[in-house]
Amino acid sequence: MTSAYPPPPPPPARGRDRTTLWGVLGIVLGLICCGILGILFGYLSIRDARRYGQSPVLGYLAIAFGVLNIIGGAILRLTGNYPFWNND
């Protein structure tokens, strides 16, 4: 006798799920100061989201804000309008 349905998926891996922590840290740091750290924490959030079966949206947002921070900072520096850049 064969079953018509596949077996249920295995339970998520044991351990600490830090998907939300990495995502929120990435968004905050990506928006405020450090685009590179925003991208790094976004990657960690996406990695944990895949591992634990969570939504990776926070990680994608963190990466997007980190990239925008880097591009915006570069544009401000190139145009000479960066607020903390001393051109003297």
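Residues numbered from 1 in each chain as written. Predicted model: local features only at pLDDT ≥ 70, side-chain atom pairs only at ≥ 80, totals over all residues. Heavy atoms only, no water.

Asks: Would you mind going over helix α1 (residues 19-32) in detail, with residue names and values included?
Replies: An α-helical segment advances 3.6 residues per turn. Residues three or four places apart therefore align on the same side. Here α1 contains 14 residues, and its C-alpha end-to-end distance of 20 Å stays within 8% of the 20 Å for a straight helix at 1.5 Å per residue. Taken together, the buried positions of α1 are Thr19, Trp22, Gly23, Gly26, Ile27, Leu29 and Gly30. The inward-facing, buried residues of α1 abut α2 (35-52) and α3 (57-79). (Helix = DSSP H or I, 4+ residues; strand = E, 2+ residues; numbered from the N terminus. Expected span 1.5 Å × (residues − 1). Buried < 20%, exposed > 50% of the residue type's maximum accessible area, 1.4 Å probe, protein only. Contact = heavy atoms within 4.5 Å.)

Asks: Quick rundown of the packing of aromatic side chains? Include the residues and the values.
Replies: Tallied over the entire structure, the rule returns 1 aromatic pair. With centroids separated by 5.5 Å and ring planes inclined at 10 degrees, the aromatic side chains of tryptophan 22 and phenylalanine 41 adopt a geometry described as stacked. Of this pair, tryptophan 22 sits in helix α1 while phenylalanine 41 sits in helix α2, and the two are 19 residues apart along the sequence. The pair formed by tryptophan 22 and phenylalanine 41 is uniform in burial state, with each residue classed as buried. (Phe/Tyr/Trp six-rings, centres within 6.5 Å; stacked < 30°, edge-to-face > 60°.)

Asks: With reference to specific residues and values, describe α2.
Replies: Compared with an ideal rise of 1.5 Å per residue, which puts 18 residues at 26 Å, α2 spans 26 Å between its outermost C-alpha atoms and is within 8% of the ideal. Within α2 the residues assigned to the buried category are Gly35, Gly38, Phe41, Gly42, Leu44, Ser45, Ile46, Asp48, Ala49 and Tyr52. Looking at the buried residues of α2, the elements they touch are α1 and α3. Two residues or fewer after α2 comes glycine 53, characterised by a positive phi angle close to 75 degrees.

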